[in-house]
Structure formats: C-alpha cells, structure tokens
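# Structural overview for review
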Number of protein chains: 2
Amino acid sequence: MEYFSDELTNLISELSRLPGIGKKSAQRMAFYLINLPVDRVEKLTSTILDARKNIRYCKTCLCLTDSEECPICGNPKRDHSTVMVVESTQDMVAYERVGQYNGVYHVLHGAISPALHIGPNDIKLKELISRLDGSVKEVILATNSSVEGEATAMMVKNYVRAVGDVRCTRIASGVPVGGDLEYIDEVTLLRALEGRREI
Amino acid sequence: MEYFSDELTNLISELSRLPGIGKKSAQRMAFYLINLPVDRVEKLTSTILDARKNIRYCKTCLCLTDSEECPICGNPKRDHSTVMVVESTQDMVAYERVGQYNGVYHVLHGAISPALHIGPNDIKLKELISRLDGSVKEVILATNSSVEGEATAMMVKNYVRAVGDVRCTRIASGVPVGGDLEYIDEVTLLRALEGRREI
C-alpha cells in the first residue's frame, strides 16, 4: 500500500476493520469518501458518533435503543407475559419483521461458548431470571440453531425451570420453507423428522 | 426499519450510501459500530475526516495525495519524459503494483461520456496538454478498455498530436493472462487477433 499517502493508507486500514469489508472494498469506500463534499462526510461521521454515544440498552429487554425503554417494552398492547429470548438485537428485529409475534423480548447479547470462554455470566442471563417475577407465563427460546445457540437454549431452560411455574418452549428446527430436501444437511433432516406433527 | 431507533435508522441509511454496501451490510456495520468502544469509533471518524480534509490533487499529475506533489512526481529517479494517462488514482495504483513502469502519470479523473454529458472540459485534459512543454517524449494512453475509455483515448490522442512532437501509444488490449479462449467475448478475441505480434 506504499503507493497511497499515509492518510489514505490509514483510512483504508480503518475501513477494512469493519465486518465484511476486505482491502478492495475498503479502498473503494476510501476513494468514494475522499471525493465526497466535506459536509456529507461530516454528516456521516457525526451520525456514527451520535449513534454510538446515544444508543444504550433498554432497561427491560436489553435491546439496543435510544431511550430508557424500547418501544416494544413500552407498548401496553404487547403481551408482556410472553418473553422471547434471542441472542442479539438483530435477531429480535428479524422476528419483528415477521410481524406475527405479539409478546416481548429478552436480548442475551451472545451465546455461551466454552471454546471462547463465554459462560452464563458473560451473557444477560441474570437479567432474564430477574424478570421472572410471576408475571411471565412463557419463555420462548429463540437462540440460533448453532451449537452455541442450542447449548444456550438448554442452559437457559434449566435456569428458567428452576424459577418455577414458567412454560419454556423452543422454536422449531426443520426444513426451511422452499428448501429442497436433496440439498439439506442430515442434522436438519433428522430434526425435521423428530419434530414432525399431525396434519 | 421502524423496529430500530431513529439514531440507528439514520446510521444504517448513511452507511448504505457507501459504494457496494446494501441494507444488510449497512445493518451489520451499524451494529458492529455501536458495540465498539467509543475511542475506537472516534478514531475511525477522525481518520475519515482527516483523510477527506487533507487529501488533495498532486500539482503535477493530479493524483490524490496529502502533499503538494505526490511521491512519484517528486522522485528524480523516475522518467519524467514518459507520461501514462489514467482515468483514476486507483488505476495509477494498479500500474504501480506491477512495479515495472518507471515513468510518471497523469490522472484525468474521469472519462468522456456523451450519455452522462461528460465532455473534454469535465476531465483533467487541459492540465495534461499544459504539461506537454517539450520535456515529454511519450504519452501512454492507459484509460479503461470500455467504450468511454476508448473514446477518451482517441480524443486525448488528437489533442496530444496537435501539440506536435510527442509519441502517443495505447496499452494493448487482448486475451488476459490465464484467460480461456472459450469464455472470452468476441470483441476481445478480435482485438487480440488484430494486435498479434511476431514471436
């Protein structure tokens, strides 16, 4: 990269740290940015800083929001007795896009992973347990269908069961809609078989 | 996107204006950024602003650099009598990576395009002609091999020829190294045939 000036080299290396951005994309973005009008660049950088500084965790579900309580937790029309446990705010947004779920959420901000030394105390599990004060009737475990997500679901289930009278469910795992059985892995096929239902 | 807070929505929409960044990537980058430590985010934004504010055109070749003259134009070991004309600083960097070219460059910052109303006065052509004061012996036209790049090369050639005693060459067009003839388009195959050389 010695062909670029230092400022440009720094910019490219900073941009290439962003997720999904390699050296080529970073270079393209850098040239785009230095050709933009200064006020547009200032708008971008101030938007990034404002977002970083003002976004915080919702006091109830811990999703990322800009007020003390997120719009979902603050909505009296939602069913506050059903809590869907997800790994990240993005996962919560994915379910919100579906538009059919009327309960509330709890964001764990991660999944347990012995390999990465992430245990129950490194995710927002205590905060979930403290919400189970009798008003919550069902906890839906919607962690990812990965090894870590499944392990997290099992662990959360044990903690929830220990609290007492709370129903604990896990979202279904199986063949995705539109999926061609020929190309689906064995574990998913087995899960689909195990999870078969009367029609 | 109404599931996100305003700050986050703004951030995602700003990021998705970057080249090659769609909504999904912008969302991923936004979540990455708001989970970074504040000082890391400040470093990124100040790097972007510094680069935008300090990078300017080299007074001679007009490439993007952070000093009055770029390191290539300021290098007395380079052959200042050979000027390679390219469309962008990125193209110049591509040739610098090859490491075999010892002349200097001239960056046009674009190519003529009647469809987009980009004419000879919208690219840095005047600046090239003013460099042809007798010290330049050869102008190598290394604009892209696109319709616009070819048209630009033809036009620059006419301007250069009008100045007088300057050799004007065009980089070769043909089958790329490692290219399989079966999959190469007809125009390229024709160019490769027309450009054949004695071996």
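What comes next is a walk through the structure. These numbers were taken from a predicted model, which means no experiment stands behind them.

Rules used in this analysis
- Residues numbered from 1 in each chain as written.
- Chains lettered and ligands numbered in written order.
- Predicted model: local features only at pLDDT ≥ 70, side-chain atom pairs only at ≥ 80, totals over all residues.
- Heavy atoms only, no water.
- Pairing = 2+ DSSP bridges.
- Helix = DSSP H or I, 4+ residues; strand = E, 2+ residues; numbered from the N terminus.
- Axes fitted to C-alpha atoms, helices over the stretch in contact; angles between N-to-C directions.
- Contact = heavy atoms within 4.5 Å.
- Left-handed = near helix turned anticlockwise from the far one by under 90°.
- Nonpolar A, V, L, I, M, F, W, Y, C, P; charged D, E, K, R; others polar.
- Expected span 1.5 Å × (residues − 1).
- Buried < 20%, exposed > 50% of the residue type's maximum accessible area, 1.4 Å probe, protein only.

The subject of this paragraph is the sheet that holds strand S4 (residues 103-107) of chain B. Residues and elements named next belong to chain B. Spatially, the 4 strands line up as an open sheet ordered S4-S3-S5-S6, and their pairing is parallel. The strands lining the two open edges of the sheet, one partner per strand, are S4 and strand S6 (167-170). When strand polarity is set aside, the average angle formed by the axes of neighbouring strands in this sheet is 25°. Two strands pair when backbone bridges link them, and strand S5 (residues 138-141) and S6 are joined in this way by 4 bridges, in the parallel orientation. Its bridge partner being in S6, Leu 141 is matched across the sheet by Arg 170. Lying on the sheet, helix H6 (residues 147-163) is in contact with S5 and S6; it crosses S6 at an angle near 170°.

When two helices pack together, their arrangement is captured by the angle between the axes and the distance separating the axes. Close contact between helix H3 (residues 38-54) of chain A and helix H1 (residues 6-15) of chain B brings their axes to 9 Å; oriented N to C, the two are set at 145°. The two elements H3 of chain A and H1 of chain B meet at a crossing, and its hand is left-handed. Together, Arg 40, Lys 43, Leu 44, Thr 47, Ile 48, Asp 50, Ala 51 and Asn 54 of chain A of H3 of chain A and Glu 7, Asn 10, Leu 11, Glu 14 and Leu 15 of chain B of H1 of chain B make up the contact between the two elements. Split into classes, the residues belonging to the contact of H3 of chain A with H1 of chain B amount to 5 nonpolar, 3 polar and 5 charged.

What follows deals with helix H6 (residues 147-163) of chain A. Residue and element names in this part refer to chain A. With 17 residues, H6 extends 25 Å from end C-alpha to end C-alpha; this agrees with the ideal 24 Å at 1.5 Å per step. Turning to H6, its buried residues are Gly 149, Glu 150, Thr 152, Ala 153, Met 155, Val 156 and Val 160. Buried-residue contacts for H6 involve helix H5 (125-131), strand S5 (138-141), strand S6 (167-170) and helix H7 (186-194). Where H6 terminates, the next one or two residues include Gly 164, which has phi positive at roughly 130°.

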